[in-house]
Amino acid sequence: MNHDAYDDDYIRSILNGVKSIAMVGASPVNVRPSYFAFKYLAQRGYDMIPVNPGHVGKALMGKPFVASLADIDRPIDMIDIFRNSSHIMPVVEEALRLSPPPKVIWMQLGARDDAAAEKAEAAGLKVVMNRCPKIEYGRLSSEISWMGVNSRTLSSKRAPVPTQGMRLSLNRTSFGGGQTAASDRAAKNRTETT
Amino acid sequence: MTDRVPGFSTLAVHAGAQPDPTTGARATPIYQTTSFVFNDADHAASLFGLQAFGNIYTRIGNPTNAVLEERVAALEGGTAALAVASGHAAQLVVLQQLMRPGDEIIAARKLYGGSINQFTHAFKAFGWNVAWADPDDIASFERAVTPHTKAIFIESIANPSGSITDIEAIAAVARKAGVPLIVDNTLASPYLIKPIDHGADIVVHSLTKFLGGHGNSLGGIIVDAGTFDWAKDNKYPVLSEPRPEYHGIKLQETFGNFAFAIACRVLGLRDLGPALSPFNAFMILTGIETLPLRMQKHCDNAKAVAEFLSGHAKVSAVNYAGLPGDKYNNLQRKYAPKGAGAVFTFSLKGGYEAGVNLVSNLKLFSHLANVGDTRSLVIHPASTTHSQLDDDAKVKSGAAPDVVRLSIGIEDKEDLFADLDQALNA
Ligand SMILES: Cc1ncc(COP(=O)(O)O)c(C=O)c1O
């Protein structure tokens, strides 16, 4: 699996397939990227569970924080890890001990741990690294186009008017294989030199 | 579903545009409104806090402008773009994100005269210092690098000379210096040159020229290549440090490879205010749909006119990179193999006087200060756009007293030959 660039179909199948997402490192502070992503994904209809031992007793958008993945009372499809690269491995190991295990491990923008990815993939999980699920969802649905972002998708169909809780269609025609070549190349060079 | 890469012409027509959500309108509607209603208080707060995608107020973003932004981002191969009121506004907004008083920018000496003025005088007043370098001498860029350097700025095809810049060589200097390379791609348009493929980190345009293409609307755009790591040396605190305007958000951390475009929007456009009218965005979008067709015709006509002038008795020299033997012909074949653009200069045996006479005797060419119109245009830079420069600077920027600049339109080329011939012989 090439983790320098992902085909849109790969990201699309994940975002279309999962229903429940546990966010490890979710923050109740409303300027943190994890808060943005949590709120956005909840508004797009995902069953979100905030995981952060420092905030147990509080809630994020009405969802109570849990201290660890083991404390979640229902099966989870995807674990979205909002931690630095150096804190990924223990989360992945904990995820693999769950029964049933999740289907997807997703690491936030800026986070990448190839060894942890290999471990998860060996256990049959799908892995995404160094991406934001909010940005990817917004891109594939073209909702992010409001911000002048190149969604790298085309459609001749009428766009829906998004409303609260609505899942958007991600099935637009992709171009560029879901990559912005120059940007992905630069990111790859960066990981190789650090 | 297989991912296939549509061609340039398909993107020029489709990228960013889909039928209107409420009416099904197929052409992009002109959302001629200042403001957009919020669904509820939480939605409003989310939008203002940059947590949600959506529209607030046209100074910050507008759905018509967003289509233009995505289209140009797609054509240039960038991650995102921001449309603004003019090419000059694009330059201002870009540098506002990068520069603080006392910082320096290295700029190619061969720039549009208005950009030379903007950098020399307006930016100087902000405490942004410019170091000029010669695009024909790459080492002059290296020599200009100091610890205060924050960016390098060049034109892909320079106005007015039509010379081609070795983008990759200068990109290498920028990379070594750890600063972004900004390329003004106005004269080439992405149809001829895609600077991001050659190492540019930011592309700017005056949309007023070939992208709009019809000489009817001013506009500018900033394209983020998504290639630069703003957090690396902490040299660009606007992108890497918490923003007090947004309760401590860090832009690169939050927006990843399109953080620069977001900074230009939510700090630059929001606070400086040079918003593009949605009506202009619509006109420019319509122009872009035919960019590949027009640009090829512009280039083919320009080459024919350059050849015609080369053989004319009243002409002492023609500087068109598309001519074999031109100083820039090798660079043109590398960077712009489809054509050398529509703007070039030639020199008259009769000097300054002859230049002034030529522009007044032409009947089809319009004497005005613009390029990239469907119509053929002419100007005598030494007495107009570059008149504020001293003689030495005029020569160095390609605007010597005997030089005339043409911007060749998409008319029938025989009519252009005839008009030039009668005016040269008048
Ligand atoms: C190469 C170049 N850059 C920038 C500009 C400035 O653009 P605007 O007039 O849209 O501000 C021009 C205008 O002539 C230009 O030719």
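The rules behind these values
For every chain, the first residue of the written sequence is number 1, and numbering continues from 1 onward in sequence order. Naming scheme: in the order in which they are written, chains are lettered from A and ligands are numbered from 1. Thresholds applied to this predicted model are a pLDDT of at least 70 for local features of residues and 80 or more for the giving and counting of side-chain atom pairs; totals over whole chains, interfaces and linings are not thresholded and use all residues. Excluded from the side-chain calculations are hydrogens and water; all other atoms, namely the structure's heavy atoms, are used. The way it works is that DSSP assigns letters per residue, a run of H or I at least four long becomes a helix, a run of E at least two long becomes a strand, and they are numbered from the N terminus. In this setup the radius of gyration rests on C-alpha atoms only. A globule is expected at 2.2 Å times the number of residues raised to 0.38. A simple rule labels every residue: compare its accessible area, found with a 1.4 Å probe on the protein chains alone, to the largest value its type can have, and call it buried under 20%, exposed over 50%, or partly exposed in between. Whether two residues are in contact is decided by their heavy atoms, any of which lying within 4.5 Å being enough. All accessible areas in this document rest on Shrake-Rupley with a 1.4 Å probe, and a residue is counted as covered only by the protein chains that are shown. Lys and Arg are tallied as positive, Asp and Glu as negative. Neither His nor the chain termini are counted. By convention, charge coordinates are those of NZ in Lys, CZ in Arg, CG in Asp, or CD in Glu. Nearness of a residue to a molecule or strand requires only that one of the residue's heavy atoms be within 4 Å of it. Two N or O atoms count as a polar contact when they lie within 3.5 Å, although within protein this holds only if one can serve as hydrogen donor and the other as acceptor, and sequence-adjacent residues are included solely when both atoms are side-chain atoms. The definitions used throughout rest on a 1 Å grid laid over the protein atoms alone, on which a cavity is an enclosed set of points accommodating a 1.4 Å probe that cannot get out and a pocket is an open set flanked by protein within 12 Å on both sides along at least five of seven lines; lining residues are those having an atom within 4 Å of a point. Grid points are joined across faces, edges and corners, and a volume is the space filled by probe spheres set on the points. Any residue that is not Ala, Val, Leu, Ile, Met, Phe, Trp, Tyr, Cys, Pro, Asp, Glu, Lys or Arg is counted as polar, Gly included; the first ten are nonpolar and the last four charged. Just so you know, the domain bounds were taken from an automatic or database domain assignment. Two parts lose some accessible area (1.4 Å probe) when they are put together, and adding that loss for both gives the buried area. The salt bridge criterion pairs a side-chain nitrogen of Lys or Arg with a carboxyl oxygen of Asp or Glu, the two atoms within 4 Å. Being paired, for any two strands, means DSSP has found at least two bridges between them. Axis lines are fitted to C-alpha atoms, over the contacting stretch for helices. Their N-to-C directions set the angle, which ranges from 0 to 180 degrees. By the definition adopted for this analysis, an angle is roughly parallel if under 35 degrees, roughly antiparallel if over 145, roughly perpendicular if from 65 to 115, and oblique otherwise. Here is the rule: rings of Phe, Tyr and Trp (six-membered ring for Trp) pair when centre to centre is within 6.5 Å. Planes less than 30 degrees apart are stacked, more than 60 are edge-to-face, and the remainder are tilted. The criterion is that NZ of a Lys, or CZ of an Arg, lies within 6 Å of the ring centre and within 35 degrees of the ring normal, and then a charge sits over that ring.

## Some details on the overall build of chain A
Across its full length, chain A carries six helices and nine strands. Taking 16 Å as the expected radius of gyration for a compact globule of 194 residues, we find that chain A reaches 16 Å, a close match to that expectation. For the C-alpha atoms alone, the extent of chain A along its principal axes is close to 45 × 40 × 30 Å. Counting over 194 residues, chain A shows a buried share of 55%. Across chain A, every contact between residues at least 6 apart in sequence was considered, and the portion connecting residues at least 24 apart equals 63%. Surface exposure of chain A reaches about 8000 Å², of which carbon and sulfur atoms provide 52%. Counting 25 positive and 19 negative side-chain charges, chain A places the averaged centre of each group 8 Å from the other.

## A few points about the site of the ligand
All names here are of chain B. Close to the ligand lie 14 residues; Gly87, Asp184, Ser206, Thr208 and Lys209 are nearest. Between the ligand and Gly87, the relevant distance is 2.8 Å, taken from an oxygen atom to a main-chain nitrogen or oxygen of the residue. One nitrogen or oxygen atom from the side chain of Asp184 is found 2.6 Å from a nitrogen atom belonging to the ligand. Compared with its free state, where it exposes 390 Å², the ligand has 92% of that area covered by protein. Considering every element that reaches the shell around the ligand, the biggest residue donor is helix H4 (residues 87-98), with three residues.

## Observations concerning empty space enclosed by the protein
Empty space among the atoms becomes apparent when a probe as large as a water molecule is rolled across them. For the coordinates displayed, the defined rule picks out two cavities of 30 Å³ or more. Looking at the largest cavity, its volume works out to about 120 Å³. Lining the largest cavity are 13 residues, with Pro33, Cys132 and Ile135 of chain A together with Glu253 and Thr254 of chain B positioned closest to its centre. Secondary-structure elements contributing two or more residues to the lining of the largest cavity are helix H2 (33-43) and helix H5 (133-141) of chain A together with helix H10 (251-255) of chain B. Taken together, the residues that form the lining of the largest cavity break down as nine nonpolar, two polar and two charged. Taken as a whole, the second largest cavity encloses approximately 40 Å³ of empty space. Forming the boundary of the second largest cavity are Thr58, Arg59, Ile60, Gly61, Asn62, Asn65, Glu69, Ala83, Arg265, Leu269, Ala275 and Leu276 of chain B. Looking at the lining of the second largest cavity residue by residue, the classes come out as five nonpolar, four polar and three charged.

## Let's talk about the domain arrangement of chain B
All names here are of chain B. Domains assigned within chain B are domain 1 (8-287) and domain 2 (291-425). For domain 1 and domain 2, the distance between their C-alpha centres works out to 28 Å. Each partner contributes to the interface: domain 1 provides 40 residues, whereas domain 2 provides 41 residues. Together, the buried faces of domain 1 and domain 2 total about 3200 Å²; carbon and sulfur atoms form 62% of this surface. If you look at where domain 1 meets domain 2, you find two salt bridges. As a salt-bridge pair, Asp136 and Lys327 come within 3.4 Å of each other at their nearest N and O atoms. One can count 18 residue pairs in polar contact (both at pLDDT 80 or more) joining domain 1 with domain 2.

## Some words on the sheet that holds strand S9 (residues 343-348) of chain B
All names here are of chain B. Taken together, five strands build an open sheet; the order of strands is S8-S9-S12-S11-S10 and the sheet is mixed. Taken across any chain shown, the strands that pair with only one partner, and hence form the sheet edges, are strand S8 (315-319) and strand S10 (366-367). Both S8 and S9 contribute to a ladder of four bridges, which runs antiparallel. Among the inter-strand pairings, Val315 is bridged to a residue of S9, identified as Leu348. Where helix H13 (residues 291-310) meets the sheet, its contacts fall on S8, S9 and strand S12 (403-407), and the angle it forms with S9 comes to roughly 10 degrees.

## A look at the interface of chain A and chain B
Reports often express the size of an interface as the amount of accessible area lost when the parts come together. Each side of the interface is counted separately: chain A has 50 residues, and chain B has 57 residues. Approximately 4300 Å² of surface area, both sides summed, lies buried where chain A meets chain B, with 56% of it carried by carbon and sulfur atoms. The interface formed by chain A and chain B includes two salt bridges. With a closest N to O distance of 2.9 Å, Arg32 of chain A and Glu253 of chain B form a salt bridge. Counting across the interface, chain A meets chain B through 18 residue pairs in polar contact (both at pLDDT 80 or more). For the side of chain A that touches chain B, the secondary structure elements donating two or more residues are helix H1 (8-17), H2, H5, strand S8 (153-154), strand S9 (173-174) and helix H6 (181-193) of chain A. With six residues, the top contributor of residues to the side of chain A that touches chain B is H2 of chain A. Of the residues belonging to the side of chain A that touches chain B, the class tally is 18 nonpolar, 19 polar and 13 charged.

## Brief notes about the packing of H1 of chain A against H5 of chain A
All names here are of chain A. Across the interface, H1 lies against H5 with an axial gap of 11 Å and an inter-helix angle of 105 degrees. Relative to H5, the element H1 lies roughly perpendicular. Contacts from Asp8, Ile11, Arg12 and Leu15 of H1 reach H5 at Pro133, Glu136, Tyr137, Arg139 and Leu140. When the residues that make up the contact of H1 with H5 are grouped by side-chain class, the tally is five nonpolar, no polar and four charged.

## Quick word on the packing of aromatic side chains
Residue and element names in this part refer to chain B. Considering all chains together, one arrives at 19 aromatic pairs over all chains under this definition. With centroids separated by 4.8 Å and ring planes inclined at 75 degrees, the aromatic side chains of Phe126 and Trp128 adopt a geometry described as edge-to-face. Taken together, the ring pairs connect Phe119, Phe123, Phe126, Trp128, Trp132 and Phe153 into an aromatic cluster. We note Lys338 situated over the ring of Tyr191; from NZ or CZ to the ring centre the distance is 4.6 Å.

## Here's the deal with the side chain of Glu76 of chain B
Residue and element names in this part refer to chain B. Position of Glu76 relative to the elements: it lies in helix H3 (residues 63-76). Buried charge without a salt bridge: Glu76, with Lys194 as the nearest opposite-charge side chain at an N-O distance of 6.9 Å. For Glu76, the contacting residues outside a window of four places in its chain are Asn185, Pro190, Ile193, Lys194, Pro195, Ile196, Val203, His205 and Val223.

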